[in-house]
Amino acid sequence: MPELPEVETYRRYFEETSLHQPIEFIEVEDRKLLTTDYATLTETLVGQSFVSTKRVGKNLFVQTNQGNTVHFHFGMTGDLEYYHSSLERPRHARIIFVFRSGFNLGFICPRKFERIGLVENIESYLKKKKIAPDALDISLEELSRNVRKRKSFIKPVLLDQSTVAGIGNWIVDEVLFQAKIHPESWSNTLTDNETERIFIAIRYVLETAIEHEANYGRFPTSFLIHAREWDTSPYEEANRHLLCPCGKIEIAQIRVGGRATYYCPECQQLR
Ligand SMILES: [Zn+2]
(Lines give C-alpha, C1' and ligand atoms only; values in the text may rest on other atoms or scores of the structure.)
Protein backbone atom coordinates (compact mmCIF):
# COMPACT_ATOMS: atom_id res chain seq x y z
CA MET A 1 0.00 0.00 0.00
CA PRO A 2 1.40 3.44 -0.78
CA GLU A 3 2.44 4.86 2.57
CA LEU A 4 3.52 8.37 3.47
CA PRO A 5 6.96 8.06 1.79
CA GLU A 6 5.44 6.90 -1.51
CA VAL A 7 2.76 9.59 -1.45
CA GLU A 8 5.42 12.23 -0.73
CA THR A 9 7.33 10.92 -3.76
CA TYR A 10 4.14 11.20 -5.88
CA ARG A 11 3.56 14.73 -4.55
CA ARG A 12 7.04 15.80 -5.63
CA TYR A 13 6.53 14.14 -9.03
CA PHE A 14 3.21 15.97 -9.43
CA GLU A 15 4.92 19.30 -8.64
CA GLU A 16 7.74 18.62 -11.07
CA THR A 17 5.45 17.68 -13.95
CA SER A 18 1.86 18.88 -13.77
CA LEU A 19 1.60 22.44 -12.44
CA HIS A 20 0.65 25.57 -14.42
CA GLN A 21 -0.83 23.86 -17.48
CA PRO A 22 -4.49 24.44 -18.32
CA ILE A 23 -6.59 21.28 -18.30
CA GLU A 24 -8.19 20.59 -21.68
CA PHE A 25 -10.17 17.50 -20.79
CA ILE A 26 -10.47 14.78 -18.17
CA GLU A 27 -10.79 11.21 -19.35
CA VAL A 28 -12.34 8.81 -16.88
CA GLU A 29 -12.48 5.12 -17.71
CA ASP A 30 -14.34 4.09 -14.57
CA ARG A 31 -16.55 6.66 -12.85
CA LYS A 32 -16.64 4.58 -9.66
CA LEU A 33 -13.16 6.00 -8.99
CA LEU A 34 -14.64 9.49 -8.64
CA THR A 35 -15.96 10.90 -5.37
CA THR A 36 -17.41 13.86 -7.31
CA ASP A 37 -19.72 13.23 -10.27
CA TYR A 38 -18.05 13.46 -13.65
CA ALA A 39 -20.01 16.48 -14.91
CA THR A 40 -19.21 18.58 -11.82
CA LEU A 41 -15.56 17.52 -11.90
CA THR A 42 -15.05 18.51 -15.53
CA GLU A 43 -17.16 21.68 -15.36
CA THR A 44 -15.08 22.79 -12.40
CA LEU A 45 -11.62 21.84 -13.59
CA VAL A 46 -11.50 22.22 -17.37
CA GLY A 47 -9.66 25.44 -18.23
CA GLN A 48 -8.06 25.64 -14.78
CA SER A 49 -4.46 24.79 -13.89
CA PHE A 50 -3.03 23.03 -10.87
CA VAL A 51 -0.87 25.45 -8.89
CA SER A 52 0.16 23.78 -5.63
CA THR A 53 0.15 20.51 -3.71
CA LYS A 54 -0.13 19.51 -0.09
CA ARG A 55 0.22 16.09 1.48
CA VAL A 56 -1.26 15.11 4.84
CA GLY A 57 -0.51 11.51 5.79
CA LYS A 58 -1.43 9.41 2.75
CA ASN A 59 -3.74 12.09 1.32
CA LEU A 60 -2.61 14.26 -1.57
CA PHE A 61 -4.43 17.55 -2.16
CA VAL A 62 -3.88 19.63 -5.28
CA GLN A 63 -5.09 23.20 -5.60
CA THR A 64 -6.06 25.04 -8.76
CA ASN A 65 -5.58 28.64 -9.84
CA GLN A 66 -9.24 29.33 -9.07
CA GLY A 67 -9.09 27.96 -5.54
CA ASN A 68 -10.56 24.50 -6.08
CA THR A 69 -9.06 21.50 -4.30
CA VAL A 70 -8.75 17.99 -5.71
CA HIS A 71 -8.15 15.09 -3.35
CA PHE A 72 -6.17 12.04 -4.51
CA HIS A 73 -6.23 8.80 -2.58
CA PHE A 74 -3.83 6.15 -3.79
CA GLY A 75 -5.60 3.09 -2.39
CA MET A 76 -3.54 -0.10 -2.51
CA THR A 77 -1.40 0.38 -5.60
CA GLY A 78 -2.07 3.84 -7.05
CA ASP A 79 0.60 5.78 -8.92
CA LEU A 80 1.03 8.75 -11.27
CA GLU A 81 2.51 8.88 -14.76
CA TYR A 82 3.13 11.97 -16.83
CA TYR A 83 3.51 11.38 -20.56
CA HIS A 84 3.09 13.03 -23.95
CA SER A 85 -0.12 12.48 -25.93
CA SER A 86 1.87 10.98 -28.80
CA LEU A 87 2.79 8.04 -26.56
CA GLU A 88 0.62 5.11 -25.70
CA ARG A 89 -1.57 5.49 -22.64
CA PRO A 90 0.10 3.82 -19.62
CA ARG A 91 -1.39 0.57 -18.42
CA HIS A 92 -4.17 1.02 -15.82
CA ALA A 93 -4.31 4.80 -16.35
CA ARG A 94 -8.02 5.06 -15.60
CA ILE A 95 -8.22 8.81 -14.99
CA ILE A 96 -6.27 11.12 -17.27
CA PHE A 97 -5.83 14.87 -17.02
CA VAL A 98 -5.20 15.99 -20.60
CA PHE A 99 -3.34 19.31 -20.58
CA ARG A 100 -3.40 21.86 -23.42
CA SER A 101 0.39 21.55 -23.51
CA GLY A 102 0.07 18.13 -25.18
CA PHE A 103 1.11 16.30 -22.05
CA ASN A 104 -1.09 14.13 -19.86
CA LEU A 105 -1.11 13.09 -16.24
CA GLY A 106 -2.38 9.55 -15.81
CA PHE A 107 -3.67 8.33 -12.47
CA ILE A 108 -2.69 4.68 -12.46
CA CYS A 109 -5.31 2.56 -10.70
CA PRO A 110 -4.45 -1.13 -11.09
CA ARG A 111 -6.86 -2.44 -8.46
CA LYS A 112 -9.47 0.30 -8.56
CA PHE A 113 -9.20 1.20 -4.87
CA GLU A 114 -7.92 4.64 -5.82
CA ARG A 115 -10.13 7.74 -5.62
CA ILE A 116 -10.23 11.30 -6.94
CA GLY A 117 -12.69 14.05 -6.14
CA LEU A 118 -13.21 17.68 -5.26
CA VAL A 119 -13.18 18.70 -1.61
CA GLU A 120 -14.40 21.99 -0.20
CA ASN A 121 -11.10 22.71 1.50
CA ILE A 122 -8.29 20.79 3.10
CA GLU A 123 -9.00 21.77 6.71
CA SER A 124 -12.67 20.76 6.68
CA TYR A 125 -11.82 17.45 4.97
CA LEU A 126 -9.22 16.59 7.63
CA LYS A 127 -11.57 17.58 10.42
CA LYS A 128 -14.45 15.52 9.03
CA LYS A 129 -12.20 12.47 8.62
CA LYS A 130 -10.54 13.06 12.04
CA ILE A 131 -7.06 13.14 10.54
CA ALA A 132 -4.38 14.49 12.91
CA PRO A 133 -1.42 16.58 11.70
CA ASP A 134 1.00 14.90 9.33
CA ALA A 135 3.77 12.81 10.89
CA LEU A 136 6.41 15.24 9.56
CA ASP A 137 4.53 18.35 10.79
CA ILE A 138 3.20 17.35 14.20
CA SER A 139 4.89 18.93 17.24
CA LEU A 140 6.38 16.86 20.06
CA GLU A 141 3.78 18.36 22.43
CA GLU A 142 0.80 17.37 20.27
CA LEU A 143 2.16 13.90 19.58
CA SER A 144 2.77 13.29 23.31
CA ARG A 145 -0.71 14.57 24.19
CA ASN A 146 -2.42 12.42 21.53
CA VAL A 147 -0.47 9.32 22.56
CA ARG A 148 -0.99 9.67 26.30
CA LYS A 149 -4.70 10.40 26.23
CA ARG A 150 -5.28 6.90 24.87
CA LYS A 151 -5.07 3.76 26.98
CA SER A 152 -3.95 1.08 24.58
CA PHE A 153 -0.82 -0.53 23.19
CA ILE A 154 1.40 2.08 21.56
CA LYS A 155 1.39 0.33 18.19
CA PRO A 156 -2.36 0.62 17.41
CA VAL A 157 -2.36 4.14 18.87
CA LEU A 158 0.32 5.26 16.40
CA LEU A 159 -1.48 3.53 13.51
CA ASP A 160 -4.64 5.52 14.27
CA GLN A 161 -4.69 8.50 11.88
CA SER A 162 -6.34 10.63 14.59
CA THR A 163 -3.13 10.35 16.67
CA VAL A 164 -0.77 11.31 13.84
CA ALA A 165 -1.29 11.01 10.07
CA GLY A 166 0.76 8.81 7.79
CA ILE A 167 2.08 5.99 9.98
CA GLY A 168 1.39 2.61 8.37
CA ASN A 169 2.21 -0.89 9.56
CA TRP A 170 5.87 -1.25 8.56
CA ILE A 171 6.56 2.36 9.58
CA VAL A 172 5.27 1.93 13.11
CA ASP A 173 7.37 -1.22 13.61
CA GLU A 174 10.45 0.61 12.36
CA VAL A 175 9.73 3.68 14.52
CA LEU A 176 9.31 1.61 17.69
CA PHE A 177 12.42 -0.40 16.84
CA GLN A 178 14.51 2.75 16.34
CA ALA A 179 13.02 4.26 19.53
CA LYS A 180 13.67 0.99 21.45
CA ILE A 181 10.09 0.75 22.67
CA HIS A 182 8.09 -2.47 22.87
CA PRO A 183 4.98 -2.38 20.62
CA GLU A 184 2.83 -3.51 23.55
CA SER A 185 3.89 -0.67 25.86
CA TRP A 186 0.85 1.14 27.26
CA SER A 187 0.48 4.49 25.53
CA ASN A 188 -0.76 6.31 28.65
CA THR A 189 2.29 5.30 30.70
CA LEU A 190 5.02 6.49 28.30
CA THR A 191 7.52 8.92 29.84
CA ASP A 192 8.58 12.24 28.30
CA ASN A 193 11.81 10.62 27.26
CA GLU A 194 9.97 7.78 25.50
CA THR A 195 7.55 10.00 23.60
CA GLU A 196 10.48 12.15 22.54
CA ARG A 197 12.30 9.05 21.26
CA ILE A 198 9.20 8.13 19.25
CA PHE A 199 8.98 11.68 17.87
CA ILE A 200 12.62 11.63 16.76
CA ALA A 201 12.30 8.11 15.30
CA ILE A 202 9.22 9.09 13.24
CA ARG A 203 11.21 11.84 11.52
CA TYR A 204 14.28 9.67 11.08
CA VAL A 205 12.37 6.74 9.54
CA LEU A 206 10.21 8.88 7.24
CA GLU A 207 13.03 11.14 6.10
CA THR A 208 15.19 8.11 5.36
CA ALA A 209 12.35 6.50 3.38
CA ILE A 210 11.68 9.68 1.38
CA GLU A 211 15.38 10.18 0.71
CA HIS A 212 15.47 6.69 -0.83
CA GLU A 213 12.15 7.30 -2.64
CA ALA A 214 10.67 4.39 -0.73
CA ASN A 215 13.10 1.84 -2.23
CA TYR A 216 13.29 -0.31 0.86
CA GLY A 217 16.20 -2.40 -0.26
CA ARG A 218 18.42 0.71 -0.05
CA PHE A 219 17.62 1.55 3.57
CA PRO A 220 20.48 1.48 6.11
CA THR A 221 21.36 -1.95 7.47
CA SER A 222 20.44 -0.68 10.95
CA PHE A 223 16.78 -0.85 9.91
CA LEU A 224 14.42 -3.57 11.07
CA ILE A 225 12.72 -3.52 7.66
CA HIS A 226 15.26 -5.96 6.23
CA ALA A 227 13.80 -8.70 8.43
CA ARG A 228 10.24 -8.22 7.25
CA GLU A 229 8.36 -10.52 4.95
CA TRP A 230 6.76 -8.42 2.25
CA ASP A 231 3.80 -9.10 0.03
CA THR A 232 6.08 -7.90 -2.72
CA SER A 233 9.34 -8.35 -0.92
CA PRO A 234 12.34 -6.43 -2.22
CA TYR A 235 14.35 -9.37 -0.88
CA GLU A 236 14.68 -12.92 -1.96
CA GLU A 237 13.76 -15.11 0.98
CA ALA A 238 17.37 -16.25 1.34
CA ASN A 239 18.64 -12.68 1.59
CA ARG A 240 16.48 -11.64 4.49
CA HIS A 241 18.43 -10.67 7.58
CA LEU A 242 16.59 -12.37 10.39
CA LEU A 243 19.16 -11.38 12.97
CA CYS A 244 18.54 -8.02 14.64
CA PRO A 245 21.15 -5.40 13.72
CA CYS A 246 22.11 -5.57 17.44
CA GLY A 247 23.55 -9.00 16.57
CA LYS A 248 22.24 -10.71 19.71
CA ILE A 249 18.97 -12.30 18.69
CA GLU A 250 16.59 -12.91 15.80
CA ILE A 251 13.79 -10.48 15.09
CA ALA A 252 10.53 -11.85 16.53
CA GLN A 253 7.12 -11.78 14.90
CA ILE A 254 3.96 -11.38 16.99
CA ARG A 255 0.49 -9.97 16.42
CA VAL A 256 -0.44 -6.67 18.03
CA GLY A 257 -3.91 -5.24 17.51
CA GLY A 258 -4.45 -7.91 14.85
CA ARG A 259 -1.46 -6.76 12.78
CA ALA A 260 1.72 -8.65 11.98
CA THR A 261 4.40 -7.03 14.11
CA TYR A 262 8.18 -7.35 13.99
CA TYR A 263 10.39 -6.34 16.91
CA CYS A 264 13.59 -7.25 18.74
CA PRO A 265 12.97 -8.86 22.14
CA GLU A 266 16.43 -7.69 23.23
CA CYS A 267 16.35 -4.05 22.02
CA GLN A 268 12.67 -3.41 22.77
CA GLN A 269 11.96 -4.72 26.26
CA LEU A 270 8.73 -4.13 28.13
CA ARG A 271 9.30 -2.01 31.18
ZN1 LIG B 1 18.12 -6.18 18.81
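Chemist: Got a sec to walk through the overall build of the protein chain? Specific residues and values, please.
Modeler: Helix and strand counts for the protein chain stand at 7 helices and 10 strands. Relative to the globule expectation of 18 Å for 271 residues, the C-alpha radius of gyration of the protein chain, 20 Å, shows essentially globular dimensions. Each of the 271 residues in the protein chain was classed as buried or not, and the buried ones make up 52%. Taking contacts inside the protein chain between residues at least 6 apart in sequence as the whole, the part at least 24 apart equals 62%. Approximately 13100 Å² of the protein chain is accessible, and the part contributed by carbon and sulfur atoms is 48%. In the protein chain, 34 side chains carry a positive charge and 37 a negative one; their mean positions are 6 Å apart.

Chemist: So, the nonpolar core: which residues are in play, and what are the values?
Modeler: One finds Leu143, Ile154, Leu158, Trp170, Ile198 and Ile202 to be the most contacted residues of the largest nonpolar core, which totals 33 residues. For this core, the secondary structure elements donating two or more residues are helix H4 (140-148), helix H5 (154-159), helix H6 (169-179) and helix H7 (192-211). The biggest single contributor to this core is H7, with 8 residues. Ranked by size, the runner-up nonpolar core spans 27 residues in total, among them Leu33, Leu80, Ile95 and Phe97.

Chemist: Before we move on, could you go through the pairing of strand S2 (residues 50-56) and cite the residues and values that matter?
Modeler: Strand direction decides the pairing type here: S2 and strand S3 (residues 59-64), joined by 6 bridges, are antiparallel. Bridged to valine 56 within S3 is asparagine 59. Count of turn residues in the S2/S3 antiparallel hairpin: 2 residues, of which glycine 57 carries a positive phi of about 60°.

Chemist: Go over the packing of aromatic side chains, please, and point to the residues and values.
Modeler: Throughout the structure, instances matching the rule amount to 17 aromatic pairs. Residues tryptophan 170 and tyrosine 216 carry aromatic rings whose centres are separated by 5.1 Å and whose planes lie at 75° to one another, so their mutual orientation is edge-to-face. Here tryptophan 170 is found in helix H6, whereas its partner tyrosine 216 is found in the loop between H7 and strand S9 (252-256), with 46 residues between them in sequence. The class for tyrosine 216 is buried, based on a relative accessible area of 11%. Here the aromatic rings of tryptophan 170 and phenylalanine 219 are separated by 5.9 Å at their centres, their planes lie at 50°, and the arrangement is tilted.

What counts, and at which threshold
- Residues numbered from 1 in each chain as written.
- Predicted model: local features only at pLDDT ≥ 70, side-chain atom pairs only at ≥ 80, totals over all residues.
- Heavy atoms only, no water.
- Helix = DSSP H or I, 4+ residues; strand = E, 2+ residues; numbered from the N terminus.
- Rg over C-alpha atoms; globule rule 2.2 N^0.38 Å.
- Buried < 20%, exposed > 50% of the residue type's maximum accessible area, 1.4 Å probe, protein only.
- Contact = heavy atoms within 4.5 Å.
- Areas by Shrake-Rupley, 256 points an atom, 1.4 Å probe, with all protein chains shown as cover.
- Lys, Arg positive; Asp, Glu negative; His and termini not counted.
- Charge placed at Lys NZ, Arg CZ, Asp CG, Glu CD.
- Core = buried A, V, L, I, M, F, W, Y, C linked by side-chain atoms within 4.5 Å.
- Pairing = 2+ DSSP bridges.
- Phe/Tyr/Trp six-rings, centres within 6.5 Å; stacked < 30°, edge-to-face > 60°.

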